[in-house]
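As a plain string of letters, each chain reads:
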Amino acid sequence: MNIKITPNNLTKLEKIFDEAKYVLRFEKGSFLSGYCILEHKKVVVINKFLNLEGRINTLIDILTTLPLNEEALTAESHKLYKQIQASKPIPEEGTDEAEAEQTAE
């Protein structure tokens, strides 16, 4: 997704999590991916040492994987969430099968 790396956009992304009733925390930890998600408790923990660009990219990555209640979002947040969802990569169907056929030959 082409989102500008600004503190205002970080705030907009954080607002989506807040409206979806997720607790967003920036903590110190040894996260291999830069974050940890506790889905049952609706807690997302982000490595506090990430810079602005890292935080924005991480939040976008998380938003593409989490199922959120879109009805709870404001119009502005819903629009941004839809843009993020639309930009997520869609795996091509049959890709694994095509690769398996090529290696079998």
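The structure reproduced in this document is the subject of the present report. (Residues numbered from 1 in each chain as written. Predicted model: local features only at pLDDT ≥ 70, side-chain atom pairs only at ≥ 80, totals over all residues. Heavy atoms only, no water.)

1. Quick notes on the environment of V23
- By the secondary structure assignment, V23 is in strand β1 (residues 23-27).
- Note on V23: relative accessible area 42%, which makes it partly exposed.
- When near neighbours in sequence (up to four residues on either side) are disregarded, V23 contacts K42, V43 and V44. (Helix = DSSP H or I, 4+ residues; strand = E, 2+ residues; numbered from the N terminus. Buried < 20%, exposed > 50% of the residue type's maximum accessible area, 1.4 Å probe, protein only. Contact = heavy atoms within 4.5 Å.)

2. A closer look at the pattern of salt bridges
- Evaluation of the coordinates by the stated rule reveals four salt bridges.
- For K15, the salt bridge goes to E19, with nearest N and O atoms at 3.8 Å. Pair noted here: K15 and E19 are both in helix α1 (residues 7-19), with a separation of four residues, about one helical turn. (Salt bridge = Lys/Arg side-chain N within 4 Å of Asp/Glu carboxyl O.)

3. Section: α1
- With 13 residues, α1 extends 18 Å between its outermost C-alpha atoms, agreeing within 8% with the 18 Å of an ideal straight helix rising 1.5 Å per residue.
- Of all the positions in α1, only N9, L10, L13, I16, F17 and E19 are classed as buried.
- Contacts from the buried residues of α1 go to β1, β3 (43-47), α2 (52-65) and α3 (75-87).
- In the stretch just after α1, K21 is the one whose phi turns positive, near 65 degrees. (Expected span 1.5 Å × (residues − 1).)

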